[in-house]
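Geometric and topological summary
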Number of protein chains: 2
Amino acid sequence: MENSMQPSRRQLLGLIGKAGGAAAMYQAMTALGHAAETQFDGPPVLSGAKPGASVVVLGAGLAGMVAAYELEKAGYQVKVLEFQDRPGGRNYTLRGGDTFTESDGTVQKVQFAPGNYINPGPWRIPHHHNCLLHYCRQFGVALEPFIQLNHNGFIHSSEAFDGKPQRYKAVATDFRGHTSELLAKAANAKALDGSVSAEDKEKLLEALRHWGVLDDNMAYTSSVAVSAQRGYDRPPGGGVGGAPSPSQIAKLGDVLDPQVWTAMSFYFNYVMQTTMFQPVGGMDMIGKAFAKQVGKLITYNAKVTKVAQNGKGVTVSYRDVPSGRMNSVSADWCVCTIPLSIISQVEMQVGPKLAAAMKAVPYAGQLKMGLEFKRRFWEEDDNIYGGHSFTDQPIAQLSYPNDRFFSSGPAVLLGAFARDAGAFELTGMTPQERIEAALAQGEIFHPQYRKEFLNGVSVPWSRVPWILGCTSRWSEENREAHYQNLVAIDGRVVLAGEHASYYGGWMEGSLLSGLDAITRIHQRTQAA
Amino acid sequence: MENSMQPSRRQLLGLIGKAGGAAAMYQAMTALGHAAETQFDGPPVLSGAKPGASVVVLGAGLAGMVAAYELEKAGYQVKVLEFQDRPGGRNYTLRGGDTFTESDGTVQKVQFAPGNYINPGPWRIPHHHNCLLHYCRQFGVALEPFIQLNHNGFIHSSEAFDGKPQRYKAVATDFRGHTSELLAKAANAKALDGSVSAEDKEKLLEALRHWGVLDDNMAYTSSVAVSAQRGYDRPPGGGVGGAPSPSQIAKLGDVLDPQVWTAMSFYFNYVMQTTMFQPVGGMDMIGKAFAKQVGKLITYNAKVTKVAQNGKGVTVSYRDVPSGRMNSVSADWCVCTIPLSIISQVEMQVGPKLAAAMKAVPYAGQLKMGLEFKRRFWEEDDNIYGGHSFTDQPIAQLSYPNDRFFSSGPAVLLGAFARDAGAFELTGMTPQERIEAALAQGEIFHPQYRKEFLNGVSVPWSRVPWILGCTSRWSEENREAHYQNLVAIDGRVVLAGEHASYYGGWMEGSLLSGLDAITRIHQRTQAA
């Protein structure tokens, strides 16, 4: 057996492994058909830091904390200034007893039962975000599956299916079935003969028949076989009444509704693909784990007012928010991770290219709501365990909790993840009005909504005082014009954060950006 | 807001809920667009059992135990005879220290580290198997997500992609892309004009463009946008080198390989759709939970040798296996859940229709293997957390463990789930040869296989002495000719089990069948 299937491949890899170590092995595996999943290949090796070399880090979000952690480990003198009274930035979790204050002073007090929470910022971790997973492993952050694709979630379009929510499994099956029938029809009418070989045409027809669950006439019709994908009118059972009965397929026009293919395409996205994870107990477990390592370096409640630099170093002025007292920190280098929406308003001695880049990038203003209900009716009544339901109403989606499935007692679902116009509309409301809107829009999926509702909280990111937005939104044009200027070291200052990455809005982008920034600073110190 | 979106619907449901209770509410929700998910609507209400009425149940698998549980609760005198020395039947888990003996006497001793296990029988629970979920809730069986669809699992076909494994995400994206391009081409060439309206054609083209990630010319080509679904050559990152680079799409001929659409269709199946679950610690937690309720009713090591009946009752003869002593139990009724592959060989006084039905149904002979490795290289090196990789080799698939993600130390994956010819080939080997075959075939996905391998166990179901097969396999013709005869009460005897259901091979089928059987027996006792 040793010599049967793939000996040369395996022997080759064995030799490479012995000779070149893990990196060479990984490269070889990639060449043999294993795709690259990440740019991360371990934390940076910053050896040979000069004694006394110092760095001031602005912002104790993930980008700032990973920079501080690796710099200090390498021997740098590190100080971190953070505006808030907690670490993590957008790595943030709201629980019962917490308060949330909007930029206009509106205060919400979260009333969730103990153990319940909502993650207003990042809330899911792709399986290929290796840098984030590396630190979760290293710091012992417990992760559990985040159910992303749930075939039993709902899709609602006001323009299709008479406005009635449909299960994802049903419309996805119908979409595949109808399009397969059309393509098979075209193939059989020789419409593809110029595009595909005779052999591929045969293979295509066979594929479509199975993939689209077409009948003997290559038509997509209601049947038990189709229902075994889209769901039954009466599902299979046991004993005398065990036989299932088929459900009725939807019309082509309905399944071509944008809500259908938007939902399907959403799940196809690399960053949205299964398997995904979340920290047990709330996303801020990650920020807290970092803070356990670097908390002693952080000065909280420090509002940066000015970043001055000369050829030798940086001086950062800041105000201690509670007392109003001004203070300053000087260091050889500055890693600034403050969101562009904030730092672009601070006096900063940087060159015109970086200054222009900092002002060029708009921020999206998503809004999230957490709604607490008396019980998990979505599980108990509707067989929905985690995942999402989508709607073209302003709330855009519901997302069901992925922790403590099957448990009794109050539970929190994400009652809105509004973007663009929907976010704008909801943000303009009072917290109580937002809840009313979320209930009115959400009960289209769940008639149990009003009866089971307990309380809720809304987080409109464009009104979050310390960021005034949710995530950077790079256009292709802006990337071309400004990205490299934004990330380039400007004298003694370098920017980092999700905005300084190609993973905008993802924790992985913050971390990779932070590591890249300090690696380049370290190289400068070595070259100097 | 109260009166805005769906007042009539909600008010209607409220009224129905008040007037008719949960069942009426459920019916009304179904009518409003919520599909039926299950035939289960709660455990049967068997009120008014006659004092002293008795039932003997044959087999302490799930069908037998649920029958015993509900019958005893209703006031029946219940006895259960079980051939094995443990409850659960195919609800079965192998752990370190367990031994497994094949029908030819071959013994394997499982060497897994503490906490590791393999479920040779059922191993995943669909979110809509409400009967099983009901008893898991009631008996406190802790469940955790079973990662079913993993976009990062591999697909391997010896006939395509030069025999190199591909990631699911890549080939699924390419399949959608290529077929979308072809359909768009046909639509633009007016080949569909007889089949779709002008409006639907416009919607179709828009859908295909997004769904198939087609370029401005409606062609499927390598690009960063396509790579954002199929995976990148160089994934996005942070800082100066953050820009991703696209991967190369596969050829149409390759993605039309049956392995591709077979894998995709697999995940579309209603019983295979997300969300799925597994018991924490092994599938036999369910059997053990039932046994905690009805264990006192079970006589273990009892090999049934004869089932005799007259107009008044049933007498079951059995041998106590360890002592060889014969014994018998008499009762008013008998619920027989012994697999057809076994009971069809036992002398049984039943009518010709049932006798014929019992002999008509063949059993499939799947084979599963559990392989223990030193570490979770599929997680650490390959970013695979749960889910499956498929191959056209005899092992058919690998499935990665869904418990204790990210943990260090030895872990067990399912190294083979062979069916049909593949199962036949592997079953014919010695346990050591099977392991060699599984390693040789599995390392096509994971070059780390040999280096990390510790030990393994194989369970060829056709050689499992107490069943000699894995699951009943009904053909449509057999269903037509024999199913109703198989489940009909024959004098004082009724059959139950997955074979007496339309959910063959699923625990849900066993349970629903068991409940249906006792409900009908109860009705007979009430009518008598």
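Note that the structure is predicted; figures quoted are calculated from it, not measured. Every chain begins its residue count from 1, and numbering advances along the sequence as written. Going through the entries in the order they are written, you letter the chains from A and number the ligands from 1. It should be noted that, the model being predicted, local features are given only for residues of pLDDT at least 70 and side-chain atom pairs only at 80 or more, the latter also being counted only at that level, while totals for whole chains, interfaces and linings use all residues. Values reported for side chains reflect all heavy atoms of the structure, with hydrogen atoms and water molecules removed beforehand.

Quick word on the relation of the copies chain B and chain A
Defined as follows: A least-squares fit on C-alpha atoms brings the copies together, and the residues used are those whose pLDDT is at least 70 in both copies. In this analysis, two residues are considered to be in contact whenever any of their non-hydrogen atoms come within 4.5 Å of each other.
Take chain B, turn it by 180°, move it 0.0 Å along the axis, and it overlays chain A with an RMSD of 0.0 Å. The two molecules are tied by a two-fold rotation axis, judged by turn and shift. Taking C-alpha positions as the reference, the residue of chain B nearest the rotation axis is Leu183(B), at 2.7 Å. Counting the interface residues of chain B, we find that 100% of their copies in chain A are interface residues as well, pointing to one common contact surface.

Focus: the interface of chain B and chain A
Where we set the bar: As a working definition, buried area equals the accessible area (1.4 Å probe) given up by two parts on being put together, with both sides summed. Just to be clear on terms, a salt bridge is a Lys or Arg side-chain nitrogen sitting within 4 Å of an Asp or Glu carboxyl oxygen. Polar contact is the term for a pair of N or O atoms within 3.5 Å; when the atoms are in protein, one must be able to donate a hydrogen and the other to accept it, and sequence-neighboring residues count only if both atoms are side-chain atoms. A run of DSSP states H or I qualifies as a helix once it reaches four residues; a run of E qualifies as a strand once it reaches two. Both are numbered from the N-terminal end.
With 115 residues of chain B at the contact, the number on the chain A side is 115 residues. Taking both sides of the interface into account, the surface hidden between chain B and chain A amounts to around 10,400 Å²; carbon and sulfur atoms contribute 63%. The salt bridge involving Glu37(B) is made with Arg167(A); its shortest N-O contact spans 3.5 Å. In this assembly, chain B and chain A are joined by 40 residue pairs in polar contact (both at pLDDT 80 or more). Among the elements that make up the side of chain B that touches chain A, the one with the highest residue count is helix α4 (residues 168–188) of chain B (eight residues).

Digging into helix α2 (residues 62–74) of chain B
Because each turn of an α-helix spans 3.6 residues, side chains separated by three or four positions end up pointing in the same direction. Residue and element names in this part refer to chain B. For the record, the criterion: Working rule for helices: expected span equals 1.5 Å times residues minus one. For every residue, the accessible area obtained with a 1.4 Å probe (protein chains only) is divided by the maximum for its type, and the residue is called buried under 20%, exposed over 50%, and partly exposed between those limits.
For α2, built from 13 residues, the straight-helix expectation of 18 Å at 1.5 Å per residue is met to within 8% by its first-to-last C-alpha distance of 18 Å. The buried count for α2 comes to 11 of 13 residues, which makes it a mostly enclosed element. Every buried residue of α2 is listed here: Leu62, Ala63, Gly64, Met65, Val66, Ala67, Ala68, Tyr69, Glu70, Leu71 and Ala74. Immediately beyond the C-terminal end of α2, within one or two residues, lies glycine 75, with a positive phi of roughly 110°.

Regarding the side chain of Ser501(A)
Within the secondary structure, Ser501(A) is located in the loop between β25 (493–495) and α17 (507–527). Polar contacts involving the side chain of Ser501(A) include one to the main-chain carbonyl oxygen of Glu498(A), which spans 2.9 Å. Discounting residues that sit within four places of it in the chain, Ser501(A) has contacts with Trp474(A), Arg479(A), Tyr483(A), Gly509(A), Ser513(A), Gly237(B), Gly238(B) and Gly239(B).

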